[in-house]
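Secondary and tertiary structure notes
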Amino acid sequence: MDATPTTATVAAPRVLVARFVAAMRAQAGTFGAREGAALALANALVREWTAIELAELEATFPDEVRVEGARYRRHEPGTVEYHALSGGVAVRRWTYRRCGVHNGRTIVPLELAAGLRHGATPALAYAVAQGYAQVPL
């Protein structure tokens, strides 16, 4: 996974970190309790970003798509929970069915475009694979 930061991605966190530090100063308790609150807040932020990012990507798909040369038409909407390192994220997305095939298999263009596999985001899938490579789960 390539997570090389760009100039924009390095500058933006400085502003976010300053706001984060200010918010955490208002948090009472031991360092351990405050660290737990900070991690919960960071996970909530990443989950919200993930939900928004996937919803925006989903909105880009037309009524009909081509996958591996085959045409698929929008079939049925649904809400699915995808699992990320920061926790579960509910996303409303469409399934698509191959044109001209009655009761054929369906695909989810969102999953193909975002690299979502078996209900997991790429970062979670990578972390699980790395963990499994080190020690059988």
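Everything quoted here is computed from the prediction, not taken from an experiment.

**Points about the sheet that holds strand β1 (residues 64-67)**
- Taken together, four strands build an open sheet; the order of strands is β1-β2-β3-β4 and the sheet is antiparallel. Strands with a single pairing partner mark the edges of an open sheet, and in this sheet they are β1 and β4 (106-107).
- When strand β3 (residues 87-98) meets β4, the two strands line up antiparallel, connected through two bridges. Bridged to Tyr-96 within β4 is Ile-107.
- In the packing of helix α2 (residues 31-58) onto the sheet, contacts are made with β2 (70-84) and β3, and the angle to β3 comes to roughly 15°.

**Brief notes about the pattern of salt bridges**
- Applying the stated rule across the entire model yields three salt bridges.
- Between Arg-74 and Asp-63 there is a salt bridge, with the nearest N and O atoms lying 3.1 Å from each other. In this pair, Arg-74 is assigned in strand β2 and Asp-63 in the loop between α2 and β1, connecting sequence segments 11 residues apart.
- Of the residues examined, Arg-74 reaches a relative accessible area of 26% and is grouped as partly exposed.
- With a closest N to O distance of 3.1 Å, Arg-73 and Glu-64 form a salt bridge.
- Sharing partners across several salt bridges, the network here consists of Glu-64, Arg-71 and Arg-73.

**A look at the environment of Tyr-96**
- The residue Tyr-96 is located in strand β3 in this model.
- Among the polar contacts made by the side chain of Tyr-96, one reaches the main-chain carbonyl oxygen of Pro-62 at a distance of 2.7 Å.
- A distance of 3.3 Å separates polar atoms of two side chains, one belonging to Tyr-96 and the other to Arg-74.

**A look at the pairing of β1**
- Residues Val-65 and Val-67 point to one face of β1 and are all buried, whereas Glu-64 and Arg-66, pointing to the other face, are not buried.
- Judged from the four bridges that link them, β1 and β2 form a sheet pairing that is antiparallel. Its bridge partner lying in β2, Glu-64 is registered against Arg-73.

**Comments concerning the nonpolar core**
- Core analysis: the biggest nonpolar cluster contains 14 residues, and Tyr-72, Tyr-82 and Leu-110 have the highest contact counts within it.
- Sorting the residues of this core by element identifies β1, β2 and β3 as the ones contributing at least two each.
- Leaving out residues up to four positions away in the same chain, Leu-110 has contacts with Leu-54, Leu-57, Glu-58, Phe-61, Tyr-82, Val-91, Arg-93 and Leu-116.

**Overview of the packing of aromatic side chains**
- Within this structure, the stated rule accounts for zero aromatic pairs.
- Over the aromatic face of Trp-94 sits the side chain of Arg-74, whose NZ or CZ is 4.9 Å from the ring centroid.

**Overview of the environment of Gly-36**
- Within the element layout of this structure, Gly-36 appears in helix α2.
- Classification of Gly-36 as partly exposed rests on a relative accessible area of 37%.
- C-alpha separation for the pair Gly-36 and Glu-111, spaced 75 residues apart in sequence, amounts to 32 Å.

The rules behind the values
- Residues numbered from 1 in each chain as written.
- Predicted model: local features only at pLDDT ≥ 70, side-chain atom pairs only at ≥ 80, totals over all residues.
- Heavy atoms only, no water.
- Pairing = 2+ DSSP bridges.
- Helix = DSSP H or I, 4+ residues; strand = E, 2+ residues; numbered from the N terminus.
- Contact = heavy atoms within 4.5 Å.
- Axes fitted to C-alpha atoms, helices over the stretch in contact; angles between N-to-C directions.
- Salt bridge = Lys/Arg side-chain N within 4 Å of Asp/Glu carboxyl O.
- Buried < 20%, exposed > 50% of the residue type's maximum accessible area, 1.4 Å probe, protein only.
- Polar contact = N/O pair within 3.5 Å; in protein donor to acceptor, adjacent residues only side chain to side chain.
- Core = buried A, V, L, I, M, F, W, Y, C linked by side-chain atoms within 4.5 Å.
- Phe/Tyr/Trp six-rings, centres within 6.5 Å; stacked < 30°, edge-to-face > 60°.
- Lys NZ or Arg CZ within 6 Å of the ring centre and 35° of its normal.

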